[in-house]
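# Understanding the architecture of this molecule
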Amino acid sequence: MNRSDTVTTVLVANRGEIARRVFASCRRAGLGTVAVLSDADADSPHVTEADVAVHLPGTAPADTYLRGEAIIAAARTAGADAIHPGYGFLSENAEFARAVLDAGLTWIGPDPDSIARMGSKVEAKKIMADAGVPVLAELDPAAVTEADLPVLIKASAGGGGRGMRIVRDLAELSDQLAAARREAQSAFGDPTVFCERYLETGRHIEVQVLADRHGTVWAVGERECSIQRRHQKVVEEAPSPLVDATPGMRERLFEAARRAAHAIDYEGAGTVEFLATGQKGEFFFLEMNTRLQVEHPVTECTTGLDLVDLQLQIAAGGRLDPEPPQASGHSIEVRLYAEDPAQDWRPQSGTVHRLALPGRVAEFEVLTGPGLRLDAGVQDGSVVGVHYDPMLAKVIAYAPTRDRAARMLGTSLARAEVHGLRTNRDLLVNVLRHPGFLAGNTDTAFFDTHGLATLAAPLADAAAESLSALAAALADAAARRAAATVARGLPSGWRNLPSQPQVKRYDGDHGEHEVRYRLTRHGLVADGHPGVVLVAHGARRVVLAIDGVQRQFHVARYGDAVHVDSSLGPVRLRAIPRFVEPSAHVAAGSLLAPMPGSVIRIGAAVGDAVDAGQPVLWLEAMKMEHIVKAPTAGVLTELPVAVGTQVELGAVLAVVTPAESGEPSAPADIEE
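Nothing here was measured: the structure is a model prediction, and the numbers come from that model. The numbering scheme is per chain: residues are counted from 1 as the chain's sequence reads. Under the rules for a predicted model, residues below a pLDDT of 70 receive no local features and side-chain atom pairs below 80 are neither given nor counted, while totals for whole chains, interfaces and linings still include all residues. Neither water nor hydrogens contribute to the side-chain values; these are computed over all heavy atoms in the structure.

If you tally the helices and strands in the protein chain, you get 17 helices and 41 strands. A compact globule built from 672 residues would reach a C-alpha radius of gyration of about 26 Å, and the protein chain, at 27 Å, matches this within 12%. Only heavy atoms enter the contact rule, under which two residues are in contact if any of them lie within 4.5 Å. For the protein chain, long-range pairs separated by at least 24 residues make up 65% of all intrachain contacts whose partners lie at least 6 apart in sequence. Computed with the Shrake-Rupley method and a 1.4 Å probe, the accessible areas treat only the protein chains shown as cover for residues. Total accessible area computed for the protein chain in this model is approximately 27,200 Å², and 49% of it derives from carbon and sulfur atoms. Neither His nor the chain ends is counted toward charge; the positive residues are Lys and Arg and the negative residues Asp and Glu. In this description, the location of a charge corresponds to atom NZ of lysine, CZ of arginine, CG of aspartate or CD of glutamate. When the 65 basic and 85 acidic side-chain charges of the protein chain are each reduced to a single mean position, those positions are 7 Å apart. Secondary structure is summarised from DSSP: a helix means a run of H or I of at least four residues, a strand means a run of E of at least two, and numbering begins at the N terminus for each. For this measure, only C-alpha atoms enter the radius of gyration; the expected value for a globule follows 2.2 Å times N^0.38, where N is the number of residues.

Right, here's the structure in full:
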């Protein structure tokens, strides 16, 4: 194989958090780094952290990070002698790996033939079955019958939930196949899909493997990634609670993973994924990811290994020790997404004003003792667009026990400053504190079992949100007083004699709050908050005593958005202006764009009668398809967009007029 064993400079053919993660190991190894960037990533942290960066013109993945020839040309231009693919994009593209080697560069990954053999999930299952690894039978989409339902449609060339659909009604199979093929083509450049039997409540268990070119294969440890949304992992941990509780299961899993690696002469870091039924340690092969995994930090924490550094060493011809180190302790990772779980996981776009965890937090480091680690793709001021996955960061805890790791991670997330976009932070904390999770009873139906509405509920209840609104109003008054040119020494609202209260209104997760208060010579008098004592207040910090207990409220303002962080839970508010611009109103019955994106399909025309829940149009954003449905039965009276139209958040997509009542429609339903 055409490969150089001397590596001095590594180009990472990826972006965001994974590029930063690989750069961190490269720096520790004394290697130079090269970033590639699309137009949308001009200000991304991964660009500024690299020694040099090469621009790939365009924004869409197909024009930038999926253009193998452009990435190889960038490596040559920048003087890189090796390419690390990261995960996603071209990381499991055998043709790209061959092209890298043909260009005389070192490919930091497995042999292209190994990638090709696992790249088709259909072919991979046959290879695994021949190697003695248990598999679920593949189903031909054209031959699926009612008896086979439910089935899972999967993209043959990729993972991460792209191109995956659950089908329970045979009448929906054709449309779902078409949607899965479009999504697979967009994400991986290959529309091939297949079906398999869908297990409603499986446990997702995977084994990290490392193999050198000298025949040594390590099964480093297993991870459990059962808590998922839209077939993407949300919470990952090592070791697996199920495997810990099932005698002999770990040994059988490790043996199956080693067989899988040997069957394709594997080299480098990879993951063999299994679906366990939870019954007597039964498991089936799902796929083999011939790359680094998003969740690799939990294995690093429990083993002390730097998996990226080992990738670099193996690519340079290094030998692994005969046996891997023993794992110890417990590590849990959560993925912080810019999305709204309560609105069917709707992705968000916009500015990340603040992302900070309390206390000492390691970044992209292998933890050597109990602590917290942050692997983030964004920093304060980063803009999250619609072209890529909305994951902001991974937050990882490591501790001697699972309970302590969960407690550390949940507390740190609850106290974190996460300002700007709406995220899944509250959901993550609720999961980490849920009795079912703490008992280790996790499976792929966790959200359905315990109720998404309950798990996605705000950490701060209505009373806490009301107190936070009071603190926000007091902080706002302090900020205005500090900026005033006259009467600067007097608090806003102070009067020598009783007068009208100060009034401020906010919208929050629990509804609208009208804050009415007066500052008198005897202290704070706030409607609805009898006995609350104002201890101190400034533009960013307010201290209130409630029933004799002092609480600090930290207030941050970004335009009309207000974030209040306290021990009662994080609160996000929107200041309601006293006067509303007439131009802010839209026509009754308008279906508004839930995010910026591109219209890829239209399902009705002006004048058509539509039923409640009927798809009106499809948007593509953040590598996923999103269906905009009619909220009620009526007539489509306006359709100002066409296929290919790029729309911004809040743009009017269509107007549905109810057929009978003539009343305005409810907001449009969105489905991913």
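Planes of paired rings set the category: under 30 degrees apart is stacked, over 60 is edge-to-face and the rest tilted, where pairs are Phe, Tyr or Trp rings (Trp by its six-membered ring) whose centres lie within 6.5 Å. Under the criterion given, the structure shown has seven aromatic pairs. Relative to Tyr388, the ring of Phe89 has its centre 6.5 Å away and its plane inclined at 90 degrees; by these criteria the two rings are edge-to-face. Taken together, the residues span a long stretch of sequence, with Phe89 in the loop between strand S4 (82-84) and helix H4 (94-102) and Tyr388 in the loop between strand S22 (383-384) and strand S23 (391-399) at a distance of 299 residues. Each residue's exposure class comes from its accessible area (1.4 Å probe, protein chains only) as a fraction of the maximum for that residue type: buried when under 20%, exposed when over 50%, partly exposed otherwise. The exposure class assigned to Phe89 is buried, which follows from its relative accessible area of 16%. Note on Trp345 and Phe447: the rings are 5.2 Å apart at their centroids and 55 degrees apart in plane angle, and the pair reads as tilted. In this pair, Trp345 sits in the loop between strand S16 (339-340) and strand S17 (346-347) while Phe447 sits in helix H15 (residues 446-450), placing the two residues 102 residues apart along the sequence. Both residues of the pair, Trp345 and Phe447, belong to the buried class. By way of ring pairs, the aromatic residues Tyr65, Phe89 and Tyr388 are connected into one cluster.

Take the nonpolar core next. Nonpolar core, defined: a set of buried Ala, Val, Leu, Ile, Met, Phe, Trp, Tyr and Cys residues in which side-chain atoms within 4.5 Å join the residues together. Residues Val235, Leu409, Val431, Phe437 and Phe447 are the most contacted members of the largest nonpolar core, which totals 40 residues. Looking at this core, the elements that each hand over two or more residues are strand S12 (232-238), strand S15 (330-337), strand S21 (371-376), S23, helix H12 (402-415), helix H13 (425-432) and H15. Apart from residues no more than four positions distant in its own chain, Leu409 is found in contact with Ile332, Val334, Leu372, Val395, Ile396, Ala397 and Leu432. Ranked by size, the runner-up nonpolar core spans 30 residues in total, among them Val7, Ala35, Leu210 and Leu310.

Attention now goes to helix H7 (residues 173-188). Between its first and last C-alpha atoms H7 spans 21 Å; for 16 residues at 1.5 Å apiece the expected length is 22 Å, and the two agree. Of the positions making up H7, those classed as buried are Leu173, Leu177, Ala179, Ala180, Glu183, Ala184 and Ala187. Seen along its axis, H7 keeps its buried residues to an arc of 165 degrees; they face one direction. Seen from the buried face of H7, the exposed residues on the opposite side, beyond 90 degrees, are Ser174 and Asp175. Along its buried surface, H7 packs onto strand S7 (151-155), strand S8 (165-167), strand S9 (193-197) and strand S37 (624-629). A positive backbone phi angle near 75 degrees is found at Gly189, which sits one or two residues after H7. Take the residue count of a helix, subtract one, and multiply by 1.5 Å to get its expected span. Think of the arc as the fan of directions from the helix axis to the C-beta atoms.

What follows covers the domain arrangement of the protein chain. Boundaries between domains were set according to an automatic or database domain assignment. One can read the domain layout of the protein chain as domain 1 (9-108), domain 2 (136-197), domain 3 (336-434 + 449-457), domain 4 (462-484 + 501-576) and domain 5 (586-658). For domain 3 versus domain 5, the distance between C-alpha centres works out to 31 Å. Taken together, the contact pairs eleven residues of domain 3 with seven residues of domain 5. By buried area we mean how much accessible surface two parts lose on assembly, using a 1.4 Å probe and totalling the loss over both. Together domain 3 and domain 5 conceal approximately 730 Å² of surface at their shared face, both sides included; 73% is due to carbon and sulfur atoms. Three residues, Arg346, Pro347 and Val386, lead the burial of domain 3 against domain 5; their summed loss comes to 63% of the area buried on that side. The rule for a salt bridge is simple: a side-chain nitrogen of Lys or Arg has to be within 4 Å of a carboxyl oxygen of Asp or Glu. Inspection of the region where domain 3 meets domain 5 yields zero salt bridges.

Right, let's get into the packing of H4 against helix H5 (residues 112-119). The geometry of H4 relative to H5 is characterised by a closest axis approach of 8 Å and an angle of 170 degrees between their N-to-C directions. Considering the angle they form, H4 stands roughly antiparallel to H5. Contact with H4, carried on its side by Ala94, Ala97, Arg98 and Leu101, involves Pro112, Asp113, Ile115 and Ala116 of H5 and no other residues of that element. Between N-to-C directions, angles cover 0 to 180 degrees, with each direction set by a line fitted to C-alpha atoms, over the stretch in contact for helices. In what follows, roughly perpendicular refers to angles from 65 to 115 degrees, roughly parallel to angles under 35, roughly antiparallel to angles over 145, and oblique to any angle outside these ranges.

Take a negative patch on the surface next. Residues Glu146, Asp169, Glu172 and Asp175 make up a contiguous surface patch of negative charge. Position of Asp175 relative to the elements: it lies in helix H7. By relative accessible area, Asp175 is classed as exposed at 52%. By definition, no residue in a patch forms a salt bridge, and every one has over 30% relative accessible area; like charges are joined within 9 Å, nonpolar side chains (Val, Leu, Ile, Met, Phe, Trp, Tyr) within 5 Å.

So, about the sheet that holds S9. A sheet is described by the order of its strands in space; here four strands give the open sequence S6-S9-S7-S8, paired in antiparallel fashion. The strands lining the two open edges of the sheet, one partner per strand, are strand S6 (138-139) and S8. Two elements, S7 and S8, share three bridges in a ladder whose sense is antiparallel. Residue pairing across strands places Ile153 opposite Arg165, the latter belonging to S8. Note: two strands are recorded as paired if DSSP finds a minimum of 2 bridges between them.

Before going further, it helps to spend a moment on the pattern of salt bridges. This model, assessed by the stated rule, comprises 42 salt bridges. Through salt bridges with shared partners, a single ionic network connects Glu206, Arg223, Lys233, Glu236, Glu273, Glu295 and Arg335.

Let us look at unusual backbone geometry. Residue Pro150 is bonded to the preceding Leu149 through a cis peptide linkage, with omega at -5 degrees. By the secondary structure assignment, Pro150 is in the loop between S6 and S7. Following Ala238, the chain continues to Pro239 via a peptide bond in cis, the omega torsion being -5 degrees. As for its position among the elements, Pro239 is in the loop between S12 and helix H8 (241-245). Its identity as a non-glycine residue notwithstanding, Arg230 has a phi of 50 degrees, on the positive side.

Within the secondary structure, Thr632 is located in the loop between S37 and strand S38 (634-638). Under the relative-accessibility criterion, Thr632 is labelled partly exposed at 24%. Thr632 sits 22 residues away from Val610 along the chain, and the two C-alpha atoms are 7.9 Å apart.

Relative to each other, H5 and helix H6 (residues 121-130) sit at 100 degrees, their axes nearing to 5 Å. Accordingly, the angle class assigned to the pair H5 and H6 is roughly perpendicular. Packed against H5, whose contacting residues are Arg117, Met118 and Gly119, the element H6 presents Lys121, Glu123, Ala124, Ile127 and Met128 at the interface. Under the scheme applied here, ten amino acids are nonpolar (Ala, Val, Leu, Ile, Met, Phe, Trp, Tyr, Cys and Pro), four are charged (Asp, Glu, Lys and Arg), and all others, including Gly, are polar. Grouping the constituent residues of the contact of H5 with H6 by class yields four nonpolar, one polar and three charged.

As for its placement among the helices and strands, Lys394 is situated in strand S23. N or O atoms closer than or at 3.5 Å make up a polar contact, with two conditions inside protein: a donor-capable atom paired with an acceptor-capable one, and, for residues adjacent in sequence, both atoms drawn from side chains. At 2.8 Å, the side chain of Lys394 and the side chain of Glu17 are in polar contact.

The next thing to look at is the sheet that holds strand S33 (residues 590-592). Spatially, S33-S40-S38-S35 is the arrangement adopted by the four strands of the open sheet, whose pairing is antiparallel. Edge positions in the sheet fall to S33 and strand S35 (609-610), since each has one partner strand and no second. Across three bridges, the pairing between S33 and strand S40 (residues 652-658) is antiparallel. What sits directly across from Leu592, in S40, is Val652.

As a further point, take the pairing of strand S30 (residues 549-558). Relative to S30, strand S29 (residues 541-546) is paired through six bridges, and the arrangement is antiparallel. Residue pairing in the sheet places Arg541 in a bridge with His554 of S30. In sequence, S29 turns back onto S30 through a hairpin of two residues, with Asp547 there showing a positive phi of about 55 degrees. Pairing analysis gives five bridges linking S30 to strand S31 (residues 561-565), with the strands arranged antiparallel. In the sheet register, Ala556 faces S31, and the bridge partner there is His563. What sits between the antiparallel neighbours S30 and S31 is a turn of two residues, in which Gly559 has the positive phi angle 65 degrees.

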